[in-house]
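Take a look at the letters that make up each chain.
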Amino acid sequence: MSIVRTLCSAFLRRRSAGSLSAANDTDLLLNSTKAHDVDPNKLEDEQPVHEFIRNKQYAVLLCYHGENYLGLQFNDNGPTIESHLFAALIRAGFVSKSDYKESRYKLRYTRASRTDSGVSALRQTISLSLPREFNADELNAHLPYDVRAVGSIRVTKSFDAQKWCDHRSYCYIMPSFALCNWMNESKIRVSYRADAYTLSMTNEIFKVFEGTHRFHNYTVKRDMWDKRSVRSVLSASISNVFLYGDLEMVAFHIKGKSFMLHQIRRMIGMTIAIMRGRATPDFIQNSFENPLLPAPTAPSLGLILEKQYFDNYNRLHKKMPPLVWDEYDSEVEKFKHEVVVPRIVEVELKENSYPLTSTNFQPVFTVSKFLRVSLTQASMENYLRDVKKHSFTKHPESSKLTTLGEWKGLELDEEDVKIIAKYQK
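Here the structure is a predicted model, which is why all the values come from computation and not from measurement.

**What to know about the overall build of the chain**
When helices and strands are tallied, the chain shows 15 helices and 12 strands. Looking at the chain as a whole, 48% of its 425 residues are labelled buried. Considering only residue pairs separated by 6 or more positions, the chain has 76% of its internal contacts joining residues 24 or more positions apart. With an accessible surface of roughly 21,700 Å², the chain has 53% of that area assigned to carbon and sulfur atoms.

**With respect to the UniProt feature "binding site: substrate" (unreviewed entry) in the chain**
UniProt tags Tyr-170 as "binding site: substrate" (unreviewed entry). By secondary structure assignment, the location of Tyr-170 is in strand β5 (residues 167–175). Contacts of Tyr-170, omitting those with residues within four sequence positions, involve Ser-113, Arg-114, Phe-252, His-253, Ile-254, Phe-259, Ile-264, Leu-303, Ile-304, Leu-305 and Glu-306.

**Considering the packing of aromatic side chains**
Summed over the entire model, instances satisfying the criterion amount to 16 aromatic pairs. With centroids separated by 6.2 Å and ring planes inclined at 75°, the aromatic side chains of Phe-209 and Phe-288 adopt a geometry described as edge-to-face. Of this pair, Phe-209 sits in the loop between α9 (196–206) and β6 (211–214) while Phe-288 sits in helix α11 (residues 282–289); the two residues are 79 residues apart in sequence, bridging distant segments of the chain. Given a relative accessible area of 3%, Phe-288 falls into the buried group. Both rings, one in Phe-215 and one in Tyr-218, keep their centres 5.7 Å apart while their planes meet at 70°; by these two values the pair is edge-to-face. Of the residues examined, Tyr-218 reaches a relative accessible area of 0% and is grouped as buried. The rings of Phe-206, Phe-209, Phe-215, Tyr-218, Phe-252 and Phe-288 are connected pair by pair, giving a single aromatic cluster. Against the face of Tyr-58 rests Arg-154, its NZ or CZ located 5.8 Å from the ring centre. For the cation-ring pair, Lys-255 lies above Tyr-309, with the distance from its terminal atom to the ring centre recorded as 4.1 Å.

**Points about the pattern of salt bridges**
A full pass over the atoms with the stated rule returns nine salt bridges. The partner of Arg-343 in a salt bridge is Glu-67, with the nearest N and O atoms 2.7 Å apart. Within this pair, whereas Arg-343 is found in helix α13 (residues 329–351), its partner Glu-67 is found in the loop between β1 (56–64) and α4 (81–91), the two being separated by 276 residues in sequence. Here Arg-343 falls in the partly exposed class, since its relative accessible area comes to 27%.

**Here we look at empty space enclosed by the protein**
The gaps of empty space that remain are located by a probe, the size of a water molecule, rolled over the atoms. A complete count under the given rule lists two cavities of 30 Å³ or more for this structure. In this structure, the second largest cavity occupies an estimated 40 Å³ of space. Looking at the second largest cavity, it is lined by 11 residues, and the ones nearest its centre are Tyr-172, Ile-173, Leu-301, Gly-302 and Glu-348. When residues of the lining of the second largest cavity are traced back to their parent elements, those giving at least two are β5 and α13. Looking at the lining of the second largest cavity residue by residue, the class counts come to eight nonpolar, two polar and one charged.

**Examining the packing of α9 against helix α10 (residues 263–275)**
Between α9 and α10, whose axes approach to 10 Å, the crossing angle comes to 135°. Between α9 and α10, the angle is such that the two are oblique. When you trace α9 past α10, the crossing you get is right-handed. Where α9 approaches α10, its residues Thr-198, Met-201, Thr-202, Ile-205 and Phe-206 are matched on the opposing element by Met-267, Ile-268, Thr-271, Ile-274 and Met-275. Residues belonging to the contact of α9 with α10 are distributed by class as follows: seven nonpolar, three polar and no charged.

**Some remarks on the environment of Arg-168**
Following the sequence through the fold, Arg-168 ends up in strand β5. Judged by its relative accessible area of 9%, Arg-168 is buried. Put simply, Arg-168 and Lys-255 are 87 residues apart on the chain and 5.7 Å apart in space, counted from C-alpha to C-alpha. Contact partners of Arg-168, with chain neighbours within four places excluded, come to Ala-112, Ser-113, Gln-162, Ile-254, Lys-255, Gly-256, Lys-257, Ser-258, Phe-259, Lys-307, Gln-308 and Tyr-309. At 3.4 Å, the side chain of Arg-168 and the backbone oxygen of Gln-162 are in polar contact.

**Concerning the layout of surface pockets**
Roughly 640 Å³ of internal volume is contained in the largest pocket. Residue lining of the largest pocket: 28 residues in total, with Ser-113, Arg-114, Thr-115, Asp-116 and Phe-259 positioned closest to the centre. Those elements giving two or more residues to the lining of the largest pocket turn out to be β2 (110–111), β5 and α10. Split into classes, the residues belonging to the lining of the largest pocket amount to nine nonpolar, 11 polar and eight charged.

**What to know about the nonpolar core**
Counting 101 residues, the largest nonpolar core has Phe-134, Met-174, Phe-209, Tyr-218, Phe-252, Ile-268 and Leu-323 as the members making the most contacts within it. Sequence-distant contacts of Leu-323, that is, excluding residues within four places in its chain, are made with Ala-59, Ile-153, Val-155, Phe-159, Phe-310, Tyr-313 and Asn-314.

**Focus: the pairing of β1**
Of all nine residues making up β1, eight are buried, and the element is well covered by its neighbours. Here β1 pairs with strand β3 (residues 120–130) via eight bridges, running antiparallel. Paired with Tyr-64 across the strands is Ala-121, a residue of β3.

**Focus: α10**
Under the 1.5 Å per step criterion, the end-to-end length of α10 is 19 Å for 13 residues, consistent within 8% with the ideal 18 Å. By the criterion of burial, α10 is predominantly enclosed, with 13 of the 13 residues buried. Gly-277 occupies a position one or two residues after α10 and carries a positive phi of about 85°.

**Thoughts on the confidence of the model for the chain**
When pLDDT is averaged along the chain, the result is 77; 69% of the residues meet or exceed 70. Per-residue pLDDT stays below 50 along residues 353–377; that stretch engages in 95 contacts with residues further than four places along the chain or on separate chains.

About the thresholds
Here the residue numbers are simple positions, counted from 1 along each chain's written sequence. Two thresholds apply to this predicted model, a pLDDT of at least 70 for residue-level local features and 80 or more for giving and counting side-chain atom pairs, whereas whole-chain, interface and lining totals are computed over all residues. In computing side-chain values, all of the structure's heavy atoms are included and hydrogens and water are not. Helix and strand assignments come from DSSP, with helices taken as H or I runs of at least 4 residues and strands as E runs of at least 2, each series counted from the N terminus. Burial status follows relative accessibility: with a 1.4 Å probe on protein chains alone, a residue under 20% of its type maximum counts as buried, one over 50% as exposed, and anything between as partly exposed. Here a residue-residue contact requires only that any non-hydrogen atoms of the pair lie within 4.5 Å. The Shrake-Rupley method, run with a 1.4 Å probe sphere, supplies the accessible areas, and residue values consider only the shown protein chains as cover. UniProt positions are given in the numbering used here, feature names are shortened, and annotations may be inferred rather than shown by experiment. When two rings of Phe, Tyr or Trp (its six-membered ring) have centres within 6.5 Å they constitute a pair, described as stacked for plane angles under 30 degrees, edge-to-face for angles over 60, and tilted for the intermediate range. Working rule: Lys NZ or Arg CZ, within 6 Å of ring centre, within 35 degrees of ring normal, means a charge sits over the ring. What makes a salt bridge here is a side-chain nitrogen of Lys or Arg within 4 Å of a carboxyl oxygen of Asp or Glu, nothing more. The definitions used throughout rest on a 1 Å grid laid over the protein atoms alone, on which a cavity is an enclosed set of points accommodating a 1.4 Å probe that cannot get out and a pocket is an open set flanked by protein within 12 Å on both sides along at least five of seven lines; lining residues are those having an atom within 4 Å of a point. Grid points are joined across faces, edges and corners, and a volume is the space filled by probe spheres set on the points. Note on residue categories: nonpolar means Ala, Val, Leu, Ile, Met, Phe, Trp, Tyr, Cys or Pro, charged means Asp, Glu, Lys or Arg, and polar means any other residue, Gly included. Lines fitted to the C-alpha atoms define the axes, with helices restricted to the stretch that makes contact. Angles between their N-to-C directions range from 0 to 180 degrees. Just so you know how the angles are binned, under 35 degrees is roughly parallel, over 145 roughly antiparallel, 65 to 115 roughly perpendicular, and the rest oblique. Each crossing gets its hand from how the near helix is turned against the far one by less than a right angle, where anticlockwise is left-handed and clockwise is right-handed. Any pair of N or O atoms that falls within 3.5 Å is considered a polar contact. Within protein, one atom must be able to donate a hydrogen and the other to accept it, and sequence-neighbouring residues count only if both atoms are side-chain atoms. Nonpolar cores were defined as sets of buried Ala, Val, Leu, Ile, Met, Phe, Trp, Tyr and Cys residues, with membership established by side-chain atoms within 4.5 Å. One bridge is not enough; two strands pair if DSSP finds at least two bridges between them. Multiplying one less than the number of residues by 1.5 Å gives the expected span of a helix. Scored between 0 and 100, pLDDT is the confidence that the predictor attaches to each residue.

Rendered as structure tokens:
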């Protein structure tokens, strides 16, 4: 009997000690939790770990005017669309700070197209995983006026906006006076009106870009034998001119699977050079076949990402809502005519505030640097004024169809000199 009592006493003492230890552990846990609660940064950093699996994938339609930004993607050198977008997602409660720091991985964030500095978009599709239903109005309350979220569509969990985008279409809006031959140029640009022949010729020249070609002369750091420079243009055309105030504007439209850096802007620049009489129409075909014939780069202000197509995704995922943004066309057009186009016209009118005669304006077919040329003038007027340092001629004894240029006055770095020497041998 005494043995039983002894064992019972020992058991009770151990149980009491265990209870005390557990109580101490609970106090420590509560104290740790309280200390953690007063640190909002730590709380936000750990918050999405528990909710990430339950998130739902959304495709979001964005509109933005790119003049004030260094492109869509994150850039440490200045403001971008994505930096403002994720700051707004945090303020609206869609995203935590930890998701912002590792956005591409935790949120499965993708973009259908990249846009360069100064380039706008009317229908940019992004995709990301969110813990609750997306609301465009909540996000827009924290976005600047020139960046708008228009709508959203539920997509598959593995959806990648870039990989599922089959084709992309762009438009380039500019004053029609850029198409006028410089010898026939009027003193007051605002009064210029393009005739039917000018528009027909421009459309015919621009259509030469249709098809599959080597576009190495329309981008940077690509040579003629780089397979990545081979691209397909499905359609290229211009629209009818339209008046915006007193200034006549024209729009170029181009559709393709994908485009390289500066490709579209250089296609526009080449077309302008031909229409102004500083290059012949065969220069386009020569640029596909010659190692060295870099085209001039038109300003970024007028370039707009117009539409993206997800036909294969819609065909293979019929149980999901079709990824088509047609229902938001009215909002997109409103943004275009209230934000994007007025700013293009405003810049052009500002640059055309004085008469320009043929004696002080003599542009020629030009590039400012060799392969890494990127003219950053805001307006078409500045572009036309600066395109006057270089003309292209074919070397008569070249067996490689090498195109040589008059390089005097150009700032060439060591890499440019090496590339030129390589093709001039």
